[in-house]
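Structure assessment
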Amino acid sequence: MVADCAVFLQRFLQGLKNRKMAIIITDECINCGACEPECPNTAIYEGGREWNWAGGTKLEKVELEDGTQQDAKASQQPVSDEFYYIVSGKCTECTGFHEEPQCAAVCPVDCCVPDPDYVETKPELEAKKVWLHQENP
Ligand code: SF4
Ligand code: SF4
């Protein structure tokens, strides 16, 4: 029984360790721009600027939820008009490039924080990195 509990606890803690969250920029951002050039996926954009899937990736087409395909260079509406923002679909928490999120590492006001509404596992983040950079053989 005790051994079963120990195994469960070990798996539970491992599960917690494997849960990762995309990074979000809060409204404490001072718009210094330090984070933008650090992102290996070009997932960070200045407030009010349109974004696209192709920037910083090797994507040419992206499949939308309705099954249609869209040119990855197509402009998308800004996520924020006031502050620098992160496109969650392009954020891999720097998986495959760096040990820790680079935007959080350089932000002078510590406003790049984990987004509890956007939780992904490490394998999911690794798969996203492979997809963004089209690393499949
Ligand atoms: Fe880009 Fe890494 Fe920040 Fe995500 S965590 S936005 S991949 S710099
Ligand atoms: Fe905003 Fe921080 Fe990025 Fe500067 S480094 S633009 S304060 S999120």
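I will try to describe carefully the structure that is included in this document. (Residues numbered from 1 in each chain as written. Chains lettered and ligands numbered in written order. Predicted model: local features only at pLDDT ≥ 70, side-chain atom pairs only at ≥ 80, totals over all residues. Heavy atoms only, no water.)

1. Some thoughts on the overall build of the protein chain
For the record, the criterion: Numbering goes from the N terminus for both helices and strands, where a helix is a DSSP run of H or I of at least four residues and a strand is a run of E of at least two. Partly exposed describes any residue whose relative accessible area lies between the buried limit of under 20% and the exposed limit of over 50%, with all areas from a 1.4 Å probe on protein chains only and scaled to the type maximum. A contact between two residues is defined here by any heavy atoms of the two lying within 4.5 Å. With residues, only the protein chains shown are counted as cover, and all accessible areas are computed by Shrake-Rupley using a 1.4 Å probe.
Looking only at helices and strands, the protein chain has three helices and six strands in total. Moving toward the C terminus, one meets the helices and strands of the protein chain in the order α-β-β-β-β-β-α-β-α. Per-residue burial for the protein chain yields a buried fraction of 34% across its 137 residues. A separation threshold of at least 6 residues defines the contact pool for the protein chain, and within that pool the share at least 24 residues apart is 75%. Of the roughly 8,700 Å² that the protein chain leaves accessible, carbon and sulfur atoms contribute 51%.

2. Notes on the site of ligand 1
Where we set the bar: Nearness is defined per residue: one heavy atom within 4 Å of the molecule or strand is enough. Here a cavity denotes grid points, spaced 1 Å and computed from the protein atoms alone, that fit a 1.4 Å probe unable to get out, and a pocket denotes an open set having protein on both sides within 12 Å along at least 5 of 7 lines; residues with an atom within 4 Å of a point are the lining. Placement in a cavity or pocket follows one criterion, namely that more than half of the molecule's atoms lie within 2 Å of its grid points. We call Asp, Glu, Lys and Arg charged. Ala, Val, Leu, Ile, Met, Phe, Trp, Tyr, Cys and Pro are nonpolar, and the rest, Gly among them, are polar.
Lining the immediate environment of ligand 1, one finds Ile23, Cys39, Pro40, Asn41, Ile44, Ile86, Cys91, Thr92, Glu93, Cys94, Pro101 and Cys103. A majority-of-atoms criterion places ligand 1 in the largest cavity. Residue composition of the shell around ligand 1, grouped by class: nine nonpolar, two polar and one charged.

3. Structural notes on the side chain of Thr92
Under the convention used in this document: Within 3.5 Å is the distance limit for a polar contact, defined as a pair of N or O atoms, with the added protein rule that one can donate a hydrogen and the other accept it, and that residues adjacent in sequence qualify only through two side-chain atoms.
For Thr92, the location among the structural elements is in the loop between β5 (85-86) and α2 (102-106). Here Asn41 takes part through its side chain, which lies 2.9 Å from a polar atom of the side chain of Thr92. When neighbours within four sequence positions are excluded, Thr92 is seen to be in contact with Asn41, Leu125, Lys128, Lys129 and Leu132.

4. Considerations on the layout of surface pockets
Rules: Grid points are joined across faces, edges and corners, and a volume is the space filled by probe spheres set on the points.
Here the largest pocket defines a volume of roughly 160 Å³. As for the largest pocket, its lining consists of 14 residues, and the residues nearest its centre are Ile24, Ile25, Val79, Tyr85 and Ile86. When contributions to the lining of the largest pocket are tallied by element, the ones reaching two or more residues are β1 (19-25) and β5. The element best represented in the lining of the largest pocket is β1, accounting for three residues. For the lining of the largest pocket, the residue count by class is nine nonpolar, three polar and two charged.

5. Notes on the pattern of salt bridges
So the rule is basically this: The term salt bridge refers to a side-chain nitrogen of Lys or Arg lying within 4 Å of a carboxyl oxygen of Asp or Glu.
By the definition in use, this model includes four salt bridges. Two residues, Glu126 and Lys122, come together in a salt bridge whose shortest N-O distance is 3.6 Å. On the criterion of helical spacing, the pair formed by Glu126 and Lys122 is a turn pair, its members being four residues apart in helix α3 (residues 122-132).

6. Section: the site of ligand 2
Among the 14 residues in the neighbourhood of ligand 2, the closest are listed as Cys29, Cys32, Gly33, Cys35 and Cys107. Of the pockets mapped on this structure, ligand 2 occupies the second largest cavity. For the shell around ligand 2, a count of residues per class yields twelve nonpolar, two polar and no charged.

7. Focus: a negative patch on the surface
Put simply, the rule is: Each patch is built from residues lacking any salt bridge and having more than 30% relative accessible area; the joining distance is 9 Å for like charges and 5 Å for nonpolar side chains (Val, Leu, Ile, Met, Phe, Trp, Tyr). Charge counting follows a simple rule: Lys and Arg are positive, Asp and Glu are negative, and His as well as the terminal groups are ignored. Charge positions come from single atoms, namely NZ of Lys, CZ of Arg, CG of Asp or CD of Glu.
A cluster of acidic residues, Asp27, Glu28, Asp81 and Glu82, forms a negative patch at the surface. Mapped onto the elements of the fold, Asp27 is located in the loop between β1 and β2 (44-45).

8. Some thoughts on empty space enclosed by the protein
Taken as a whole and judged by the stated rule, the model has two cavities of 30 Å³ or more. Looking at the largest cavity, its volume works out to about 80 Å³. Considered class by class, the residues forming the lining of the largest cavity number ten nonpolar, three polar and two charged. Put simply, the second largest cavity is a space of about 70 Å³. Surrounding the second largest cavity, Cys29, Ile30, Asn31, Cys32, Gly33, Ala34, Cys35, Cys107, Pro108, Cys111 and Cys112 form its lining. Grouping the constituent residues of the lining of the second largest cavity by class yields nine nonpolar, two polar and no charged.

Interpretation note: all reported values are geometric properties and have no functional meaning in isolation.
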